[in-house]
Amino acid sequence: MYKLQFCNAFTQEILRETKYDKVDVIQSLIESSQKNVGSGLDSFIIDNELRTLRAEYVTHSMIHQGNETVYKLFFKVKLSEVQAKITK
């Protein structure tokens, strides 16, 4: 099992956490985030409180916790001026 955590680079707060059976999706997200740095393209994260955050990738780390591998992606974030409308 693989766990992906989007984290605030300054506060270390976990903004969103998702589990995956395969690591492919996580590796793709890391590669995409790295490519976007300096490209001028905006990146956004919807956090656990359903807020839209403008995000700039900083770095990532990987740790093993028992049977899980945890990938932490760190972003500089700020609240987006435009909020996505999300219905439950």
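Residues numbered from 1 in each chain as written. Predicted model: local features only at pLDDT ≥ 70, side-chain atom pairs only at ≥ 80, totals over all residues. Heavy atoms only, no water.

Draft legend 1. Main features of the side chain of Glu68. Counting through the fold element by element, Glu68 comes out in strand 5 (residues 68–79). Among the residues examined, Glu68 registers a relative accessible area of 16% and is labelled buried. Reaching out from Glu68, the side chain makes a polar contact with the side chain of Lys19 at a distance of 3.3 Å. (Helix = DSSP H or I, 4+ residues; strand = E, 2+ residues; numbered from the N terminus. Buried < 20%, exposed > 50% of the residue type's maximum accessible area, 1.4 Å probe, protein only. Polar contact = N/O pair within 3.5 Å; in protein donor to acceptor, adjacent residues only side chain to side chain.)

Draft legend 2. Summary view of helix 1 (residues 24–36). Here helix 1 is 13 residues long and its end C-alpha atoms lie 18 Å apart, about the 18 Å a rise of 1.5 Å per residue gives. Among all positions of helix 1, only Ile26, Ile30 and Ser33 are buried. Along the long axis of helix 1, the arc covered by the buried residues comes to 70°, so they all point the same way. Exposed and oriented more than 90 degrees from the buried face of helix 1 are Asp24 and Lys35. Those residues of helix 1 that are buried are in contact with strand 1 (2–8), strand 2 (14–20), strand 4 (52–65) and strand 5. At the exit of helix 1 stands Gly38, carrying a positive phi of roughly 75°. (Expected span 1.5 Å × (residues − 1). Arc of directions from axis to C-beta. Contact = heavy atoms within 4.5 Å.)

Everything listed here is a matter of geometry and, on its own, says nothing about what the molecule does.
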